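# Analysis of the macromolecular model
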Amino acid sequence: FMFITDEAGAGEYDIPQCPKGTPPEDCVHTLTGEFQLRDSMRKCAAAPAPVTDVWCAPGWNESQSVALLRAGTHCHAPACINETLYNLDTGEVICFNVPLYGEGTFPSSGQHFDEAGYAVGIPPCLWGSEEEGLLPPPRVGLKTRLRSVKHVNNTLYHYGVMAQWQMRGAWADAGQQSAR
């Protein structure tokens with residue numbers, strides 16, 4: 001389990017309103033956070049912690065890399081535009097998340113939660129096996145430098161906004177190459 005907040009651990013932050021008269025499509029607030037993968041993880045305490053502490057990473061090994069299996073942003077709609085996770089050491093985009101919005105076919109379609117503009121969800125990035133129809137997991141070392149960039153519509157002032165990455169991974173085999 002890996003978790004990190006862009007807003008320096010505060011959990012929430014405020015979005016300032018863009019200058020009056022700015023066209024809504026140009027009202028975009030950007031928040032950037034940088035961290036090492038290790039900052040999103042926690043070592044387990046001595047036994048029996050791996051059994052009782054679901055938040056820790058058992059088997060911590062400084063030289064081993066992590067195979068990412070899932071990465072997803074937590075950002076509030078309807079202002080959330082997108083959030084991107086970059087590997088600063090390679091310049092590659094690891095994950096790009098964008099909310100899905102309803103198309104407004106409810107009630108005629110019978111599909112609840114499809115109201116126009118209603119945030120249906122934010123699909124995460126998933127990796128796995130070719131048999132599962134997924135791309136192979138990116139492998140990143142504990143010292144890999146990551147950057148998160150979140151874009152929010154700031155036509156209006158917002159408070160209590162969040163920018164977080166919730167990720168899952170597994171220790172990669174020692175014989176497999178690490179990204180750093």
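Each value, and the rule that gives it
Residues numbered from 1 in each chain as written. Predicted model: local features only at pLDDT ≥ 70, side-chain atom pairs only at ≥ 80, totals over all residues. Heavy atoms only, no water. Salt bridge = Lys/Arg side-chain N within 4 Å of Asp/Glu carboxyl O. Helix = DSSP H or I, 4+ residues; strand = E, 2+ residues; numbered from the N terminus. Buried < 20%, exposed > 50% of the residue type's maximum accessible area, 1.4 Å probe, protein only. Disulfide = S-S within 2.5 Å. Pairing = 2+ DSSP bridges. Axes fitted to C-alpha atoms, helices over the stretch in contact; angles between N-to-C directions.

## What about the pattern of salt bridges?
Under the criterion given, the structure shown has four salt bridges. Between R38 and E62 there is a salt bridge, with its nearest N and O atoms 2.8 Å apart. One end of the pair, R38, is in the loop between strand 3 (28-36) and helix 1 (49-52); the other, E62, is in the loop between helix 1 and strand 4 (65-75), with 24 residues separating them in the sequence. In this structure, the salt-bridge partner of K43 is E62, at a minimum N-O distance of 3.9 Å. One end of the pair, K43, is in the loop between strand 3 and helix 1; the other, E62, is in the loop between helix 1 and strand 4, with 19 residues separating them in the sequence. Of the residues examined, E62 reaches a relative accessible area of 41% and is grouped as partly exposed. When salt bridges that share partners are traced, they join R38, K43 and E62 into one network.

## Considering the state of the cysteines
Scanning the entire structure with this criterion turns up four disulfides. Disulfide pairing is shown between C18 and C27; the S-S distance is 2.0 Å. The disulfide joining C18 to C27 has a torsion of about 55° about its S-S bond and is therefore right-handed. The partner cysteine of C75 in its disulfide is C80, sulfur to sulfur 1.9 Å. Every disulfide takes its handedness from the sign of the S-S torsion; for C75 and C80 that torsion is -60°, giving left-handed. Taking relative accessible area as the criterion, C75 reaches 8% and is therefore assigned buried. Look at C80 and you get buried, because its relative accessible area is 3%.

## A look at the sheet that holds strand 3
Judged by pairing direction, the sheet is antiparallel, and its four strands sit side by side in the order 3-11-5-6 without closing on themselves. Edge strands, defined here as strands with exactly one partner in the open sheet, are strand 3 and strand 6 (93-97). Strand after strand, the sheet turns through a mean of 15° between neighbouring axes, direction not considered. Both strand 5 (residues 80-87) and strand 6 contribute to a ladder of four bridges, which runs antiparallel. Residue L85 lies in a different strand from strand 6, and its bridge partner there is C95.

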